[in-house]
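Here is what each chain is made of, one letter per residue.
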Amino acid sequence: MKKIILLLLFVPLFSIGQNAIISDGPYVFIEKNKLIKKSIINSEVISSTLDINSYDTLYLPEKSTYNKVKKIIALSDIHGQYDLTIELLKNNKVIDKELNWNFGKGHLVIAGDIFDRGDKVNEVLWLVYKLEIQAKNDGGRVHFILGNHEFMVLQKDLRYIHEKYKVSSKLIGLEYDQLYGNKTVLGRWLRSKPSIIKINNNVFTHGGVSEEFLINRGVDFEKINLMMRYYIDTPFEEMNSSIYNLYNGEKSLIWYRDYFKEYGEDLTDADISKILKMLNTKHIVVGHCSYDQVVQLYNNKIFGVDSSIKNGKYGEVLLIKKRKFYRGTLKGELIEFKKKSN
């Protein structure tokens, strides 16, 4: 654990361009009987050999359903904004001043999109990696749900990576997606992650769950996550149109936007209630659609936790505790979502 904490200390990024001076990493590559750690310090690649047991190299998927969880905090769409995420998690008592787990037996859910846009993606990933271990040791859990930007990077769609990572890739001599390939520690860890989970009566996913998806794929979360993981490394050209649309189309878990009329269709309360009934749940929590704060729709049936952290200025979390829902502000203030009486 101390190694991971030390690896999170980085020299600031001074400039981006042809002759950028950057620091980045570590990227840990898995070879037959050893690990190769590559870090970039002041634009110099520093390589070292580690014992094969320095990190896990096999990551088994966690289960997809959890019950009797007393407190949950959710956020999404971090997009490489490490410093703001640290401030948000500290002030809402998820982590302490030393960036260690402080949420006891609670569950932290990151509903997708750590990747792309910002310049501290790797720092966020290693932080989540560390917190996942600490939370489990404390009786809690960290759930990193894959979003569309995770799938984009792992499937070699690099349109939204920060300029810094183009420089990193050139220095290391690999394409950016290969830095998270299946023969890297973080790459294998990412490939074990789910795309949808259920905690108590709350379903969490990145984009949303459409009726069309449930009709075509069913409601077995374990099977859904298995298939989503399988298609991470399947080239688009090898998918037929129906498979592509199911897992990468506008009605898929990672791209769906129709809960929010500003982004998609204007669903009725009856439409939402039908989806909830099919899922056997009472609430759905999603990211993907950006607002200035955590929002609720359809009388607390849908919660949107993309609070525009990606802009690097402000962010919020959703706290679920004793069947009540709260906005957790950047300062750590709690504002309850009141449900309208019938």
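Predicted model only: the values in this text are computed from it and were never measured. (Residues numbered from 1 in each chain as written. Predicted model: local features only at pLDDT ≥ 70, side-chain atom pairs only at ≥ 80, totals over all residues. Heavy atoms only, no water.)

### A look at the pairing of strand S5 (residues 71-75)
For S5, the tally of buried residues reaches 4 of 5 residues, placing the bulk of the element in the interior. With 4 bridges connecting them, S5 and strand S13 (residues 317-321) associate as antiparallel partners. When the sheet's bridge partners are listed, Ile 72 is paired in S13 with Ile 320. Examined bridge by bridge, S5 and strand S6 (residues 107-110) share 4 bridges and lie parallel to one another. (Buried < 20%, exposed > 50% of the residue type's maximum accessible area, 1.4 Å probe, protein only. Helix = DSSP H or I, 4+ residues; strand = E, 2+ residues; numbered from the N terminus. Pairing = 2+ DSSP bridges.)

### What to know about helix H2 (residues 82-91)
Burial in H2 covers these residues: Tyr 82, Leu 84, Thr 85, Ile 86, Leu 88 and Leu 89. For H2, the elements touching its buried residues are S5, S6, helix H3 (121-137), S13 and strand S14 (324-328). After H2 finishes, the residue Lys 93 shows a positive phi value of roughly 65°. (Contact = heavy atoms within 4.5 Å.)

### What to know about empty space enclosed by the protein
Any empty space left between atoms is shown by rolling a water-sized probe over those atoms. Across all of its chains, the model carries 2 cavities of 30 Å³ or more by this definition. One number sums up the size of the largest cavity: a volume of about 160 Å³. Lining of the largest cavity is provided by 16 residues; of these, Glu 62, Glu 132, Val 142, His 143 and Lys 193 occupy positions nearest its centre. Elements that contribute at least two residues to the lining of the largest cavity include exactly H3 and strand S7 (141-144). By residue number, the principal contributor to the lining of the largest cavity is S7, which donates 4 residues. Of the residues assigned to the lining of the largest cavity, the class counts are 7 nonpolar, 3 polar and 6 charged. (1 Å grid on protein atoms, 1.4 Å probe; cavity = no way out; pocket = protein on both sides within 12 Å on 5 of 7 lines; lining within 4 Å. Points joined across faces, edges and corners; volume = space filled by probe spheres on them. Nonpolar A, V, L, I, M, F, W, Y, C, P; charged D, E, K, R; others polar.)

### Brief notes about the sheet that holds strand S3 (residues 44-51)
Pairing is antiparallel in the open sheet, where 3 strands are placed in the order S1-S2-S3. Edge positions in the sheet fall to strand S1 (24-30) and S3, since each of these pairs with one other strand and no more. Adjacent strand axes in the sheet meet at a mean angle of 20° when their direction is disregarded. Of the pairings in the sheet, the one linking S1 to strand S2 (residues 34-41) comprises 5 bridges and is antiparallel in character. Bridge assignment links Asp 24 to a residue of S2, and that residue is Ile 40. (Axes fitted to C-alpha atoms, helices over the stretch in contact; angles between N-to-C directions.)

### Looking at H3
Over its 17 residues, H3 extends 25 Å from the first C-alpha to the last, a length consistent with the 24 Å expected when each residue adds 1.5 Å. Among the 17 residues that make up H3, 14 are buried, leaving the element largely enclosed by the rest of the structure. Backbone geometry just downstream of H3 places Gly 139 in the positive-phi region, at approximately 90°. (Expected span 1.5 Å × (residues − 1).)

### Description of the side chain of Ser 23
Structurally, Ser 23 can be placed in the loop between helix H1 (2-7) and S1. Among the polar contacts listed, one links the side chain of Ser 23 to the backbone nitrogen of Asn 42, at a separation of 3.0 Å. (Polar contact = N/O pair within 3.5 Å; in protein donor to acceptor, adjacent residues only side chain to side chain.)

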